[in-house]
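Residue-level structural notes
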Amino acid sequence: MALGTRDLKGALAFVTDAHDVDASEPLTTELLDRLTELVGCEYASYEEHDWSRRTVLAYVHCSNEDPLAVTPPYVPEDFWSLPGEEHPRMLLRPSAEFEVFSDRFDRRERERMRDEAEFNAKWLIVDRILFRVVEAGTRTAWLHFDSQRRDFGERDRELALTLRPHVEPLWRKAVARRQRADLLAALERNGDVDATRAIVLYKADGRIDHATNEAHRLLAGWFASRNGRLPPELDEWAAKARPGDRYTERRSGSVLTVEAAGDFMLTLNEHCSADAELTPREREVLRLVAQGLTNAEIARKLWVTQSTVAKHLEHAYPKLGVHSRTAAVARLAKSAD
């Protein structure tokens, strides 16, 4: 079913206005009120969850919803442990990408569920359209429309599908705004302490939104990047990285480590490689030590005497700042991370 001109104009006006809003969340109560009018339903809500911490990060409701009617976190206590597919009566399923409640249950069943379930009875919901806005690591966000009277039809489905691809960019802009605010606050609070930190905030398309002076220096020195965008290799990696993931470049005894510090936020750290001063033979001996070989086994493998192996280790330890085989292996392993 093709949407009419009025619906298309309404959707376009909403998306245009939503991009002009400067708020901590991608959708505000005012924007959700616009959506209830556009769709023709009683309620529109935005939710964001962190599954690793089992936390509701955000819940934004329209004006029709009494904020005191339901106490946070707006989900049942056992919500976090339920595999959504095995509990089809949940109005919000963790596995859902796009669904219409009436596609799963007829009206009589939905009315029975409405009357039996405490949450449904409170809001008198008989139908819901829900779609996932984004899934980033352990974080997910949904937008849903709830009807108290009528079943959602094909027009409502098409309108939701039309809106869906335009909501994710709103989420990404909101994340970038929050991170930029946090970064600027930290820099202002700590002054010169953070002046040497290399932090980059970037947009979904790879453009750099904000970077400290140290970050600009490292990007230019390691990637010759001066065009206001992430270097192609970093951009490709960052698109798939999750918070905590690391990207490493090595050059002339130095190591650059880039860590995904959050959504659209990178930290960069340059340091000398632990094995920068080691000779090729010392590196080879330590590699065999890491494999669990004894000095005698290493001597046989390299066709040298045990005293030569011991001498290589004796020379390598001070270069690594350690005093034992175990510490040397651990130091090299840490440097490789």
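Everything in this summary refers to the structure shown in the same document. Sequence positions are assigned chain by chain, starting from 1 and proceeding in written order. Per-residue local features of the predicted model are confined to residues with pLDDT of at least 70, and side-chain atom pairs are confined, for both listing and counting, to 80 or more; whole-chain, interface and lining totals are unaffected and use all residues. As a rule here, side-chain values cover all heavy atoms of the structure and leave hydrogens and water aside.

**Structural notes on the packing of helix α9 (residues 280–290) against helix α10 (residues 295–302)**
A fitted line through C-alpha atoms serves as each axis, taken over the contacting stretch for helices, and the angle formed by two N-to-C directions is quoted from 0 to 180°. Under the scheme used here, helices are H or I runs from DSSP no shorter than 4 residues and strands are E runs no shorter than 2 residues, and both carry numbers assigned from the N terminus. Where α9 meets α10, the axes come as close as 10 Å, and the angle between the chain directions of the two elements is 130 degrees. Comparing their axes, α10 and α9 come out oblique. In this structure, α9 meets α10 at a crossing whose hand is right-handed. For the pair α9 and α10, the contacting residues are Arg281, Glu284, Val285, Leu288 and Val289 in the first and Ile298, Lys301 and Leu302 in the second. Here the angle decides the label: under 35 degrees means roughly parallel, over 145 means roughly antiparallel, 65 to 115 means roughly perpendicular, and every other value means oblique. What makes a crossing left-handed is the near helix being turned counterclockwise from the far one by less than a right angle; a clockwise turn instead makes it right-handed. Any two residues whose heavy atoms approach within 4.5 Å are treated as being in contact.

**Here's the deal with the packing of aromatic side chains**
Side-chain rings of Phe, Tyr and Trp (the six-membered ring for Trp) are treated as a pair once their centres are within 6.5 Å; stacked means planes under 30 degrees apart, edge-to-face means over 60, and tilted covers the remaining angles. All chains considered together, the criterion is met by three aromatic pairs. Taken together, a centroid distance of 6.3 Å and an interplanar angle of 10 degrees make the contact between Phe98 and Phe131 stacked. Separated by 33 residues along the polypeptide, Phe98 in strand β3 (residues 98–100) and Phe131 in strand β4 (residues 127–136) bring together distant segments of the chain. Residue classification places Phe131 among the buried positions, given a relative accessible area of 0%. Only protein chains enter the accessibility calculation, which uses a 1.4 Å probe; a residue whose area is less than 20% of its type maximum is buried, one above 50% is exposed, and one in between is partly exposed.

**So, the pattern of salt bridges**
Should a side-chain nitrogen of Lys or Arg be within 4 Å of a carboxyl oxygen of Asp or Glu, the pair is scored as a salt bridge. With the rule as written, the count across this model stands at 24 salt bridges. The salt bridge involving Asp7 is made with Arg155; its shortest N-O contact spans 2.9 Å. With Asp7 in helix α1 (residues 5–20) and Arg155 in helix α6 (residues 154–190), this residue pair connects regions lying 148 residues apart in the sequence. By relative accessible area, which is 13% here, Asp7 ends up buried. We note a salt bridge from Arg107 to Asp151, for which the minimum N-O separation is 2.8 Å. Taken together, the positions of Arg107 in helix α4 (residues 107–116) and Asp151 in the loop between β5 (139–147) and α6 put the pair 44 residues apart, joining distant regions of the chain.

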